[in-house]
Amino acid sequence: MENKSSAWLVIICAVSGAIAVAITQNKVLPCMDAIQTSFHINMASAGWLSSVFSVMGIVMAFPAVMAVNKLGAKASCLVSVGCSILGAAIGLISQSFPIMLFSRIIEGVGAGLISIAVPNLIAMWFPPENRGMPTGIWTSWQYAGQAVCFFFGASISVQKGWKGVWMFGLMIAVLCFILNVLFVRDPECSDNHILERGDLRNENNVCNKTANSRRCSGFSVFRNKDACLVSTAMFCFCFASFGFITWAATCWTVTLGMDGTRANQYISILAAVSLPMVLLSGWILDRVNRKLFGILVFALYAFVAAAAFMLPSSRWIIAFVMVYPFFESGVVTTLWTIISQVAKSGSEVNSAVALLTLNSNAGMLVGPPLVGFCISVFNWTAASVLVGGVSLAGTVCIVLVKTDI
């Protein structure tokens, strides 16, 4: 019981650090206009302050594996949140756009690290059959960050300007850094569930703390077909999800005549509703066949996401906002949960997570512009077909996974 309580405390504190990183990542959105005015930049340049995180997520994916293997999960969490603190501090004193962009790159490095470190902690502290709920808590980090930024960031920006938003994020990061220092740690060797895979102990059955870094080639995961399939499914999901979330408000404004502010408010509600939904999905995953659940929710997600661009009237939006988060949360929680299970060895877990993270950020990066291109060249129906089709391709990837998950 004591070990179980320790496991939950570690994961909750580690996820708090991830939420601080997510707030750092999303803090640009509610004060974009203020930043443009302050630095005299256009929308394209301002957009880089947000999209640089996806670029850094791709660049950092496998270097982050080496860092976590070398430093350990706790130190990696501290470095990650520390990057948010350092980046925010540099941003606050920046007088030019290049310096501001540099501060965002530092913050992006932290996001790349924590996306490997927290799943590694979950794999160490929880056995595979019990990872659904902690993974659900982990996958809430982006939703929580977005909800905080949308609900508090805009009002802070109006009263204090963009620097007020930066200071708000900085204070949260400092608090979460302290929590990580006090409570986040690796489990004892006897309680480490990654070590149960058998490849991280020496001949005397003693924990070999350097085995992970010595034996894991990092890129061996590319020969793991199931890990590649799960990661490709994540690319498809993020392509569709971010393609939807970027253009849905515009679609509802253009096709349904809805006020733009109101349409964006519905988008922000999605993030808030998703918070309990990822926890529900995690609870379900610990009690059902994960592969079948993933196939079902991914297939249904394809139709729900496609429907976003084809709603017949504004009256349907409320129902959509209530239904959509369950399927989105079900897909992302399933993929994050099963990725450690398809790793062929304990030493390959971090590399599998890195591949998932790389594909996740790649989907975030290319989804919105390609869906936007489809809209501009064809129409909203074509965007619906694209989002739905890519999601169905992700469903097929999960069908093809052979590992017992």
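Residues numbered from 1 in each chain as written. Predicted model: local features only at pLDDT ≥ 70, side-chain atom pairs only at ≥ 80, totals over all residues. Heavy atoms only, no water.

Draft legend 1. The arrangement of the overall build of the chain in detail. Within the chain, the secondary structure is distributed over 14 helices and zero strands. Taken from the N to the C terminus, the helices and strands of the chain come in the order α-α-α-α-α-α-α-α-α-α-α-α-α-α. Computed over its C-alpha atoms, the radius of gyration of the chain comes to 21 Å, within 12% of the 22 Å expected for a compact globule of 405 residues. Projecting the C-alpha coordinates of the chain onto the three principal axes gives extents of approximately 70 × 50 × 35 Å. The buried share among the 405 residues of the chain stands at 58%. Across the chain, contacts joining residues at least 24 apart in sequence account for 83% of those joining residues at least 6 apart. The averaged location of the 16 negative side-chain charges in the chain is 4 Å from the averaged location of its 23 positive side-chain charges. (Helix = DSSP H or I, 4+ residues; strand = E, 2+ residues; numbered from the N terminus. Rg over C-alpha atoms; globule rule 2.2 N^0.38 Å. Buried < 20%, exposed > 50% of the residue type's maximum accessible area, 1.4 Å probe, protein only. Contact = heavy atoms within 4.5 Å. Lys, Arg positive; Asp, Glu negative; His and termini not counted. Charge placed at Lys NZ, Arg CZ, Asp CG, Glu CD.)

Draft legend 2. Fine view of empty space enclosed by the protein. Using the criterion set out here, one finds one cavity of 30 Å³ or more in the structure. If you add up the space inside the largest cavity, you get close to 70 Å³. Around the largest cavity, the lining residues are Pro119, Ile122, Arg131, Thr135, Trp138, Trp336, Thr337, Ile339, Ser340 and Val353. Of all the secondary structure elements, the ones that give two or more residues to the lining of the largest cavity are helix H5 (97–125), helix H6 (132–160) and helix H12 (315–338). Among the residues forming the lining of the largest cavity, the class breakdown is six nonpolar, three polar and one charged. (1 Å grid on protein atoms, 1.4 Å probe; cavity = no way out; pocket = protein on both sides within 12 Å on 5 of 7 lines; lining within 4 Å. Points joined across faces, edges and corners; volume = space filled by probe spheres on them. Nonpolar A, V, L, I, M, F, W, Y, C, P; charged D, E, K, R; others polar.)

Draft legend 3. Main features of the pattern of salt bridges. What the rule picks out here adds up to three salt bridges. One salt bridge in this structure joins Glu107 and Lys27, with 2.9 Å as the shortest N-O distance. Linking Glu107 in helix H5 with Lys27 in the loop between helix H1 (2–26) and helix H2 (32–39), this pair joins segments that are 80 residues apart in sequence. No difference in accessibility class separates Glu107 from Lys27, as the two residues are buried. In this structure, Asp286 engages Arg290 in a salt bridge whose closest nitrogen and oxygen atoms are separated by 3.0 Å. Look at the salt bridges and you will find they share partners, linking Lys27, Arg104 and Glu107 into a network. (Salt bridge = Lys/Arg side-chain N within 4 Å of Asp/Glu carboxyl O.)

Draft legend 4. Just the nonpolar core, in detail. Among the nonpolar cores identified, the biggest contains 106 residues, and Leu121, Phe237, Trp252, Tyr301 and Leu335 are the most heavily contacted of them. The element best represented in this core is helix H9 (residues 225–256), accounting for 15 residues. With residues up to four places along the chain from it excluded, the contact list for Leu335 reads Val230, Ala233, Met234, Phe237, Phe298, Leu356 and Ile398. By size, the runner-up hydrophobic cluster in this structure holds 17 residues, among which are Val28, Met100, Ile156 and Val165. (Core = buried A, V, L, I, M, F, W, Y, C linked by side-chain atoms within 4.5 Å.)

Draft legend 5. Structural detail: unusual backbone geometry. Phi is positive for His40, which is not a glycine, with a value near 55°. Inspection of the secondary structure puts His40 in the loop between H2 and helix H3 (43–71).

Draft legend 6. The arrangement of the confidence of the model for the chain in detail. Averaged over the chain, the pLDDT score is 88; the fraction of residues at 70 or greater is 94%. Below a pLDDT of 50 lies the segment residues 198–206, which in the model reaches 21 contacts outside its immediate sequence neighbourhood of four places, other chains included. (pLDDT = per-residue confidence, 0-100.)

Draft legend 7. The arrangement of the packing of H3 against H5 in detail. In the contact formed by H3 and H5, the axes pass within 7 Å of each other and the chain directions differ by 40°. For the element pair H3 / H5, the angle class is oblique. Of the two possible hands of crossing, H3 and H5 adopt the one that is right-handed. Among the residues making up the contact of H3 with H5, the classes are represented as 20 nonpolar, five polar and two charged. (Axes fitted to C-alpha atoms, helices over the stretch in contact; angles between N-to-C directions. Parallel < 35°, antiparallel > 145°, perpendicular 65-115°, else oblique. Left-handed = near helix turned anticlockwise from the far one by under 90°.)

Draft legend 8. Structural view of H12. Here H12 contains 24 residues, and its C-alpha end-to-end distance of 37 Å stays within 8% of the 34 Å for a straight helix at 1.5 Å per residue. Of all the bends in H12, the largest measures some 30° and sits at Val321, one to four residues before the proline Pro325. Burial analysis of H12 places 17 of its 24 residues in the buried class, the great majority of the element. (Expected span 1.5 Å × (residues − 1). Bend = angle between axes of the 7 residues up to and from the residue.)

Draft legend 9. Quick peek at H9. Taking 1.5 Å of rise per residue, the 32 residues of H9 would be expected to cover 46 Å, and the 44 Å separating its terminal C-alpha atoms lies within 8% of that figure. Trp247 marks where H9 bends most, by close to 45°. Looking at where H9 begins, the residue whose side-chain oxygen comes 3.1 Å from the main-chain nitrogen of Asp226 is Asn224. (Polar contact = N/O pair within 3.5 Å; in protein donor to acceptor, adjacent residues only side chain to side chain.)

Draft legend 10. Quick look at the environment of Ala144. Structurally, Ala144 can be placed in helix H6. Along the backbone, Ala144 and Ala154 are 10 residues apart, and their C-alpha atoms lie at a distance of 15 Å.

Draft legend 11. Highlighting a positive patch on the surface. On the surface, Arg223, Lys225, Lys344 and Lys402 cluster together to form a positively charged patch. Position of Lys344 among the secondary structure elements: in the loop between H12 and helix H13 (349–377). A residue is classified by how much of its surface remains accessible, and Lys344, at 61% relative accessible area, is exposed. (Patch = residues over 30% accessible without salt bridge, like charges linked within 9 Å, V, L, I, M, F, W, Y side chains within 5 Å. Areas by Shrake-Rupley, 256 points an atom, 1.4 Å probe, with all protein chains shown as cover.)

Draft legend 12. Quick peek at a nonpolar patch on the surface. A surface patch of nonpolar side chains, amounting to about 480 Å² of accessible area, comprises Leu9, Val174, Ile178, Val181, Leu182 and Phe183. Looking at the element boundaries, Val174 is found in helix H7 (residues 162–183). Classification of Val174 as partly exposed rests on a relative accessible area of 37%.

Draft legend 13. Structural context of the packing of aromatic side chains. Evaluated as defined, the whole model comprises 16 aromatic pairs. On the basis of an interplanar angle of 85° and a centroid distance of 5.2 Å, the ring pair of Trp162 and Trp166 is categorised as edge-to-face. Of this pair, Trp162 and Trp166 are both found in helix H7, four residues apart, which corresponds to roughly one turn of the helix. Judged by relative accessible area, Trp162 falls into the buried class, the value being 6%. By relative accessible area, Trp166 is classed as buried at 0%. (Phe/Tyr/Trp six-rings, centres within 6.5 Å; stacked < 30°, edge-to-face > 60°.)

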